[in-house]
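# Structural overview
Each chain, written out:
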Amino acid sequence: MKILITGGAGYIGSHVVKQLLELSSCEVTVLDNLSTGNKATINTLEKIRDFNFLQLDLKEFDKINQFLTEEKFDAIIHFAAYSIVSESMQNPLKYYLNNTVNTTNLIECAIKSGVKKFIFSSTAAVYGDVQENVNIKETFATNPINPYGMSKLMSEKILQDASKNFPDFKYVIFRYFNVSGADMYFDKDNLCPRIGENHNPETHLIPLVVKTALGKRDLLNIYGDDFKTPDGSCIRDYIHVEDLANAHIEAINYLEENKSDIFNLGYSKGYSVKQIVNAVKDVIKIDFKTTIVDRRAGDTAFLVADNSKVVSTMKWKPKFDNLELICKSAYEWEKTI
Ligand code: UDP
């Protein structure tokens, strides 16, 4: 099988590429403009086994069309996108152009070139502000409260409409909750992640907590402690990137059965910001300062998946549903960058 992974040099994409290289015999091609992903990640992945890498921006419509027409991929896993909520509030068009317009073109080129399977990375941000503190099912209303979530939701709708129009074109849409942790690679008995999260600027909680513990930052800001949650800080569903990546491998099998659907990807388990801070302190035995600051624009109190659909539909079996392992792998990775 020939698979194209867009955004394969990024955090999540690179873990999926790694698993495809290690677990499958697929011919893998990564397309990435290296705007947020990096070449060092590609070089690391090349040590696992050979694959093709093309540095190209999805906005180059003619080149994308030509490339897909020539290569005739069987499947596309589409990660390439911008993903910072606060940036999307300041520059919404950047998000709609890259995440929605470029995705629409990719879908069209995919269909024209005979691609039958499309896996799309969407986000829990499509749900918006869920009023009740209940685990979110895929059937819940979608009301994004930021352009990032809206840009992904629009792409979901476009993908669904395209599939209705071309019934042989099947999709899996994954709505990710809080992806975290790093490559679970062991050298002898030591956990030594080869790839991991490295955003610039970093906005995500776990890497920021770990950076603070390592003294790369002075203190950790906790954005609000007056939410309607037991300790007042926001609750999220933190899923290990290895488990999240593995769902994409299962999705390829699912698509072989000529079906399409939307799935949440999380553990159905929530931790507050304060619990994450304490977990990192416990795991790495380093104390550090925290301070409570104002809420961050666009944050909701509680975002936890109900993952029963993906668990009952796919053969996906999470292996790292363990906050300690998430924190430990994030920490070991952070030490290398
Ligand atoms: N958060 C925090 N301090 C930080 C970064 C994040 O308190 O320095 C909180 C944030 O307000 C949210 C949670 O941690 O409640 C997870 O944020 P993150 O940016 O990791 O993911 P998001 O849920 O926004 O996608």
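Residue positions within a chain follow its written sequence, with the count starting from 1. Under the rules for a predicted model, residues below a pLDDT of 70 receive no local features and side-chain atom pairs below 80 are neither given nor counted, while totals for whole chains, interfaces and linings still include all residues.

## Quick notes on helix α8 (residues 241-256)
Only DSSP runs of H or I with at least four residues qualify as helices, and only runs of E with at least two residues qualify as strands; both kinds are numbered from the N terminus onward. How far a helix is expected to stretch is found by multiplying one less than its residue total by 1.5 Å. Taking 1.5 Å per residue as the helical rise, α8 with its 16 residues ought to reach 22 Å, and the 24 Å between its terminal C-alpha atoms agrees with that figure. Our exposure labels follow a C-beta count within 10 Å of each residue's own C-beta, placed from the backbone: buried means 20 or more other C-beta atoms, exposed means 12 or fewer, and partly exposed covers the counts in between. Taken across its 16 residues, α8 has 12 buried, putting it largely inside the fold. Buried within α8 we find Val241, Glu242, Asp243, Leu244, Ala245, Asn246, Ala247, His248, Ile249, Ala251, Tyr254 and Leu255. Of the residues trailing α8, Asn258 is marked for its positive phi of about 60°.

## Quick look at unusual backbone geometry
Cis geometry is adopted by the peptide bond preceding Pro201, which originates at Asn200 and carries an omega value of 5°. Phi is positive for Ser268, which is not a glycine, with a value near 65°. Within the fold, Ser268 resides in the loop between β13 (261-265) and β14 (271-272). Judged by C-beta crowding, with 18 C-beta atoms within 10 Å, Ser268 ranks as partly exposed.

## Details of the sheet that holds β13
Two strands in a sheet stick together by hydrogen bonds in their backbones, pointing the same way (parallel) or opposite ways (antiparallel). Ordered in space as β3-β2-β1-β4-β5-β6-β13, the seven strands form an open sheet in which the pairing is parallel. Whereas interior strands pair on both sides, the edge strands pair on one side only; in this sheet they are β3 (52-55) and β13. This sheet shows a mean twist of 20° between the axes of neighbouring strands, independent of strand direction. We call two strands paired when DSSP finds no fewer than two bridges between them. Here four bridges tie strand β1 (residues 2-6) to strand β4 (residues 75-78), and the two strands are oriented parallel to one another. In the sheet register, Ile5 faces β4, and the bridge partner there is Ile77. Axis lines are fitted to C-alpha atoms, over the contacting stretch for helices. Their N-to-C directions set the angle, which ranges from 0 to 180 degrees.

## Focus: the domain arrangement of the protein chain
In this document the domain limits rely on a domain assignment from an automatic tool or a database. Split into domains, the protein chain comes out as domain 1 (2-179 + 238-266 + 307-313) and domain 2 (186-235 + 269-305 + 323-334). Between the C-alpha centres of domain 1 and domain 2 the distance comes to 25 Å. By the convention adopted here, residues are in contact when the distance between their C-beta atoms, placed from the backbone, does not exceed 7 Å. Contact with domain 1, which involves 26 residues of that partner, is made by 18 residues of domain 2. Looking at the side of domain 1 that touches domain 2, the elements that each hand over two or more residues are α1 (11-23), α2 (39-46), α4 (85-90), β12 (238-240) and β13. Per-element accounting of the side of domain 1 that touches domain 2 gives the leading share, four residues, to α1.

## Focus: the sheet that holds β14
Pairing within the open sheet is mixed, and its three strands lie in the order β14-β11-β16. Here the strands that pair on one side only, and so sit at the sheet edges, are β14 and β16 (302-303). Summarising the sheet, strand β11 (residues 235-236) and β14 pair through two bridges and their orientation is antiparallel. Looking across to β14, one finds that Ile235 is bridged to Ser272.

## A few points about helix α9 (residues 273-284)
If you check α9, its first and last C-alpha atoms are 17 Å apart, about what 12 residues at 1.5 Å a residue would give, namely 16 Å. Val273, Ile276, Val277, Val280 and Ile284 are the residues of α9 that are buried. Each buried residue of α9 lies within a common arc of 100° when the element is viewed along its axis, so the set occupies one face. Next to the buried residues of α9 lie α7 (205-213), β10 (219-223), β14, β15 (289-293) and α11 (323-334). One or two steps after α9, the chain reaches Lys285, where phi turns positive at roughly 55°. Each direction from the helix axis to a C-beta atom contributes to the arc, which is the arc of those directions.

## Describing the site of the ligand
Contacts to the ligand come from 15 residues, most closely from His204, Leu205, Tyr223, Cys234 and Val273. Elements represented by at least two residues in the shell around the ligand include exactly α7 and β10. For the shell around the ligand, the leading source of residues is β10, giving four residues. Here the shell around the ligand is built from residues that sort into eight nonpolar, four polar and three charged. Any residue whose backbone-placed C-beta atom lies within 6 Å of a molecule or strand is treated as near that molecule or strand. Basically, the charged four are Asp, Glu, Lys and Arg, the nonpolar ten are Ala, Val, Leu, Ile, Met, Phe, Trp, Tyr, Cys and Pro, and anything else, Gly included, counts as polar.

## Re the pairing of strand β2 (residues 27-32)
Extensive coverage of β2 is indicated by the burial of five of its six residues. Sheet analysis places β1 next to β2, joined by five bridges and oriented parallel. Residue pairing in the sheet places Leu4 in a bridge with Thr29 of β2. Crossover β1 to β2 through α1 is right-handed. As paired elements, β2 and β3 share four bridges and run parallel to each other. Among the inter-strand pairings, Thr29 is bridged to a residue of β3, identified as Asn52. Following the backbone out of β2, through α2 and into the adjacent parallel β3, one traces a crossover that is right-handed. We call a crossover right-handed when, viewed with the strands running away from us, the connection from the first strand over the helix to the second turns clockwise.

## Quick notes on the environment of Pro230
Tracing the sequence through the fold places Pro230 in the loop between β10 and β11. Taking the C-beta count within 10 Å as the criterion, Pro230 has 11 such neighbours and is therefore assigned exposed. Once the C-alpha coordinates of Pro230 and Ser272 are considered, the two residues, 42 residues apart in sequence, prove to be 8.7 Å apart.

## Quick look at the packing of α7 against α11
α11 packs onto α7 with a crossing angle of 60° between their chain directions and a minimal axis gap of 9 Å. Judged by the inter-axis angle, α7 sits oblique to α11. Two packed elements cross with a definite hand, and for α7 against α11 that hand is right-handed. Contacts from Ile206, Pro207, Val210 and Lys211 in α7 reach Ile326, Cys327, Ala330, Tyr331 and Glu334 in α11. Oblique is the label for any angle not covered by the other classes, which are roughly parallel (under 35 degrees), roughly antiparallel (over 145) and roughly perpendicular (65 to 115). We call a crossing left-handed when the near helix sits turned anticlockwise from the far one by less than a right angle, and right-handed when that turn is clockwise.

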